[in-house]
Amino acid sequence: MAEFVEKYINPFTDYGFKKLFGEELNKDLLLDFLNELLKEEQGQITALNYLKTENLGLTELDRKAIFDLYCENEKGEKFIVELQKTKQNFFKDRTVYYSTFPIREQAKRADWNYELKAVYTIAILDFVFDADKNEPNKFRYDVKLKDTETNKVFYDKLTFIYLEMPKFKKTIDELETRFDKWLYVISNLNKLDRVPDSLREQIFEKVFETAEIAKFTQEQVLSYEDSLKYYRDLKNSLDTAREEGEIEGILKGKLEGEIEGIYKGKLEVARNMLSLGISIETIIQATGLSEEEINHLRDN
């Protein structure tokens, strides 16, 4: 069977993600995605400006943050968009830390009254948080500062959105909303060989046109292939580690089962010897059980 050759880029590679959403020429793609993601609370974002993705702290001692995408809408609200390919210790901490940079950027001198513009941190995840594995049908998490008793939003200008993409399982025939279509495209773009009929809208046709590898220059192809190799190596390493962990768990369980079986066998032998009136000292020597274990058998 012939190997499947990808016609379109993989959006989970660094190059693919920034090709689709991080280029000025394709700003309308990011704008449409954000509008679908945030329309219930944002209304319509009419304009976006890309900002410098490297943000330094206020002093030389502060650590810098490097965002995948960082942009601002016409109201001065800030959007950090992160693609995360693998589980990372303290990833949630990292997103909170990143959100502090656009907050501190807004500090003004003189008679500033501390009014802030909203900050949105959006994480597109190619994995599922361990804590969320018991919710297989929930792939979107919207997080705000809330009062724990009333569950009312305490502060609405700081929002974190996590999209756990492996949980998005809808087929092309099950897509109901434009947002569904975006998630389907992000999840499946590199697995397709043409534009599905249900995605024949101007914005998605541009996605496919932008993502078609045959239209890349030789330099772009090489850059993408480097990014794809890194992505595949990373995934293979994680899959190998996961498989080895599963095998180790199976072997450990099997060994524990065998040990438990041997122990139960010793108990049965000891019980029989007790019924024959054999001394505890002899039973200890024959089975390796302790005097306390044997007395427990005798008393029960």
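Structure: above.
Summary of the structure given here. (Residues numbered from 1 in each chain as written. Predicted model: local features only at pLDDT ≥ 70, side-chain atom pairs only at ≥ 80, totals over all residues. Heavy atoms only, no water.)

Here we take up the packing of aromatic side chains. Throughout the structure, instances matching the rule amount to 17 aromatic pairs. Through a chain of ring-to-ring contacts, the aromatic side chains of Phe17, Phe21, Phe33, Phe179, Trp182 and Phe204 assemble into a single cluster. Residue placement shows Lys138 over the ring face of Tyr141; its charged tip is 4.6 Å from the ring centre. (Phe/Tyr/Trp six-rings, centres within 6.5 Å; stacked < 30°, edge-to-face > 60°. Lys NZ or Arg CZ within 6 Å of the ring centre and 35° of its normal.)

Here the focus is the pattern of salt bridges. Summed over all chains, the structure comprises 24 salt bridges. The shortest N-O distance in the salt bridge between Lys206 and Asp28 comes to 2.9 Å. Taken as a pair, Lys206 in helix H5 (residues 202-211) and Asp28 in helix H2 (residues 27-42) lie far apart in primary sequence, 178 residues in all. Asp197 serves as the salt-bridge partner of Arg200, at 3.7 Å between the closest nitrogen and oxygen. Accessibility expressed as a relative area gives 59% for Asp197, which makes it exposed. Here the salt bridges do not stand alone but share partners, grouping Asp32, Glu36, Lys39, Arg178, Lys181 and Glu201 into one network. (Salt bridge = Lys/Arg side-chain N within 4 Å of Asp/Glu carboxyl O. Helix = DSSP H or I, 4+ residues; strand = E, 2+ residues; numbered from the N terminus. Buried < 20%, exposed > 50% of the residue type's maximum accessible area, 1.4 Å probe, protein only.)

The next point concerns unusual backbone geometry. Excluding glycine, residues mostly carry a negative phi; peptide bonds, for their part, are mostly trans. Even without being glycine, Tyr114 reaches a positive phi, approximately 75°. Inspection of the secondary structure puts Tyr114 in the loop between helix H3 (91-105) and strand E6 (119-125). Looking at Tyr114, the relative accessible area reads 64%, which means it is exposed. Positive phi values are uncommon outside glycine, yet Asn151 reaches one of about 65°. Structurally, Asn151 can be placed in the loop between strand E7 (140-146) and strand E8 (153-164).

Moving on, we get to the sheet that holds strand E5 (residues 78-84). A sheet is described by the order of its strands in space; here 6 strands give the open sequence E1-E4-E5-E6-E8-E7, paired in mixed fashion. One side of each edge strand has no neighbouring strand; the edge strands of this open sheet are strand E1 (48-50) and E7. The average angle at which neighbouring strand axes cross in this sheet is 25°, direction not considered. Bridge count between E5 and E6: 7 bridges; the pairing is parallel. Across the sheet, residue Val81 finds its bridge partner in E6, namely Ile122. Relative to E5, H3 is tilted by about 155°, and along the sheet it contacts strand E4 (69-73), E5, E6 and E8. (Pairing = 2+ DSSP bridges. Axes fitted to C-alpha atoms, helices over the stretch in contact; angles between N-to-C directions. Contact = heavy atoms within 4.5 Å.)

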